[in-house]
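# Close look at the chain arrangement
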Amino acid sequence: MSAARRPAVHEVNTPKRAMGFPGNVCRTAPRRFARTLPALPVPIEGFRPMSYPIPEPVEQVDRPRGALRVRPRSQGNYIQHCNVVYAETHGLGLVMDIFEPAQSPNGLAIVDVISGAWHSDRVRMNEHIGLGAIDAFCEAGFTVLAVAPGSASLFNAARMVKHLHAAIRFAKNHAATWKVDPDRLGIFGVSAGGHLAALTALAPEPADPRARLPWYKHDTSIAAAGLFFPPADLLEYWAGPFDFRRDSEPTLARMLFEEGMGEQSDAEIASAARAISPLHQIQGGHPPFLVAHATGDNIVPYSQSRRFVAALTAAGVEATLLTHDGDGHPWRGVDRECNQMAAWFAEMLSTRSD
């Protein structure tokens, strides 16, 4: 049986042409399986989940052993497939967890961006599960593709957004496998995940119908974007620009420049910050947005979402601000807003006709 002559997943750092040469041949799967979903991870010997979620499917190299002992609060109304590789970068696999609704799937999917303080790993995944949004989405029938775009310790913001575009192409390429509509994908993110989700939704990449590799034949457009308390304007954060040089979070300096912060001028820093500020990427013709934020948020100011929604509306984009009157990042009782977000996605994605 002949081997497939195409890579199994998107090579983020390799030019499209390079993947067509014999030296880049993937010899891991027969050709007749080239268009099917790559195999889910092999079950670990002696490891059988009795219930979901699965808090630690594999060893977490950069976390203490005890960091994942606590199972996140969750209804577990889904089947969780851990660490499905959606792309490769620098020889490392980029992964997503797929949450299939246990009952009554609605044929729609939401790309859920897993990132806290621009870091993404299994601890962040479990914190995100505990928020309750995945429960709400699966209860409503959505398939959730929880994507880890990478962390600021390794990648800048532009690179993480590039990874999310690869994840969307992967999702659309395998939509038939999960029985979801590739043209009605939603995107969701919380805090830093909301920031990256917004950048991704505002600047979709076009399809290449002449591409040899199947995922490049899909664009990365999104039909609806739901965000919880996203940083939207890094040029005007509290009373001034976001401080990327602060000592408490040195890895955040990599958010602007792939080589990290060096001798860049204030003008160069401001230009780079503008490029990764969703509020400054609005051009019109974007999908609808729903943004939830607490008025007393002491990490991401409420004004970030208020100004972002106002700018979207001024550009003719359907945008709604869901305000929680009180403190929190997130707040107690956020389940209510998670359910409202799920209902909004159901309305937006079920009524989309193009």
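Please read all numbers here as calculations on a predicted model, not as lab measurements.

## Focus on the overall build of the protein chain
A tally of helices and strands in the protein chain yields eight helices and nine strands. The 354 residues of the protein chain split such that 52% are buried. Considering only intrachain contacts with a sequence separation of at least 6, the fraction spanning at least 24 residues in the protein chain is 76%. Summed over all atoms, the accessible surface of the protein chain reaches about 16700 Å², with 51% contributed by carbon and sulfur.

## Let's talk about the pairing of strand β7 (residues 224-228)
Across the five residues of β7, five count as buried, placing the element largely inside the fold. Burial of β7 is two-sided: the residues Ala224, Gly226 and Phe228 facing one way and the residues Ala225 and Leu227 facing the other way are all buried. Strand direction decides the pairing type here: strand β6 (residues 185-190) and β7, joined by five bridges, are parallel. What sits directly across from Gly189, in β7, is Leu227. Note on the crossover from β6 through helix α5 (residues 192-202) to β7: the handedness is right-handed. Across four bridges, β7 lies against strand β8 (residues 289-294) in parallel orientation. In the strand pairing of β8, Phe228 is matched with Ala292.

## A short note on the packing of aromatic side chains
Following the criterion strictly, the structure yields 13 aromatic pairs and no others. With 5.7 Å between their ring centres and 85° between their planes, Phe137 and Phe345 make a pair best called edge-to-face. Linking Phe137 in helix α2 (residues 133-139) with Phe345 in helix α8 (residues 335-351), this pair joins segments that are 208 residues apart in sequence. Grouping residues by exposure puts Phe137 and Phe345 together as buried. Centre to centre, the rings of Phe228 and Phe229 are 6.0 Å apart; their planes meet at 45°, and the pair counts as tilted. The exposure classification of Phe228 matches that of Phe229, with both residues buried. An aromatic cluster is defined as three or more aromatic residues linked by ring pairs; in this entry it consists of Phe137, Phe142, Phe188, Phe228, Phe229, Trp331, Trp344 and Phe345.

## Overview of the pattern of salt bridges
A pair can form between side chains of opposite charge whenever their charged atoms are brought close. Applying the stated criterion to the full structure yields seven salt bridges. Close ionic contact of Arg122 with Asp97 constitutes a salt bridge, the shortest N to O distance being 2.6 Å. Here Arg122 is found in helix α1 (residues 122-131), whereas its partner Asp97 is found in strand β3 (residues 92-101), with 25 residues between them in sequence. Neither residue differs from the other here; Arg122 and Asp97 are each classed as buried.

## A few points about the confidence of the model for the protein chain
Averaged over the protein chain, the pLDDT score is 83; the fraction of residues at 70 or greater is 78%. Low pLDDT, under 50, characterises residues 1-5; the stretch is placed with 18 contacts to residues that sit more than four places away or in other chains. Low pLDDT, under 50, characterises residues 17-39; the predicted model gives this stretch 39 contacts beyond four residues in sequence or across chains.

## As for the nonpolar core
Residues Tyr86, Met96, Phe289 and Phe308 are the most contacted members of the largest nonpolar core, which totals 61 residues. Of all the elements, helix α3 (residues 157-173) adds the most residues to this core, at nine residues. Grouped together as the second largest cluster of nonpolar side chains are 35 residues, Tyr78, Phe137, Val190 and Ala342 included.

## Points about the environment of Arg122
The exposure class assigned to Arg122 is buried, which follows from its relative accessible area of 6%. Distance in space between the C-alpha atoms of Arg122 and Pro57 is 8.8 Å, their sequence separation being 65 residues.

## Side note on unusual backbone geometry
Pro330 follows His329 through a cis peptide bond whose omega is 5°. With respect to the secondary-structure elements, Pro330 resides in the loop between β9 (319-324) and α8. We note that Ala117 has phi near 55°; this positive angle belongs to a residue other than glycine. In this structure, Ser191 is a non-glycine residue whose phi angle is positive, near 60°. The residue Ser191 is located in the loop between β6 and α5 in this model.

## Looking at the pairing of strand β4 (residues 109-113)
Residues in a regular strand project their side chains so that they alternate between the two faces of the sheet. Most of β4 sits out of view: five of its five residues are buried. Alternating residues of β4 divide into Ala109, Val111 and Val113 and Ile110 and Asp112, and every residue in both groups is buried. Of the pairings in the sheet, the one linking β4 to strand β5 (residues 143-147) comprises five bridges and is parallel in character. Residue pairing for β5: Ala109 is matched across the bridge by Thr143. Taken together, the five bridges between β4 and β6 define a ladder with parallel strand orientation. Looking at the pairing, Ile110 lines up with Gly186 of β6.

Criteria and cut-off values
Residues numbered from 1 in each chain as written. Predicted model: local features only at pLDDT ≥ 70, side-chain atom pairs only at ≥ 80, totals over all residues. Heavy atoms only, no water. Helix = DSSP H or I, 4+ residues; strand = E, 2+ residues; numbered from the N terminus. Buried < 20%, exposed > 50% of the residue type's maximum accessible area, 1.4 Å probe, protein only. Contact = heavy atoms within 4.5 Å. Areas by Shrake-Rupley, 256 points an atom, 1.4 Å probe, with all protein chains shown as cover. Pairing = 2+ DSSP bridges. Right-handed = clockwise from strand over helix to strand, strands pointing away. Phe/Tyr/Trp six-rings, centres within 6.5 Å; stacked < 30°, edge-to-face > 60°. Salt bridge = Lys/Arg side-chain N within 4 Å of Asp/Glu carboxyl O. pLDDT = per-residue confidence, 0-100. Core = buried A, V, L, I, M, F, W, Y, C linked by side-chain atoms within 4.5 Å.

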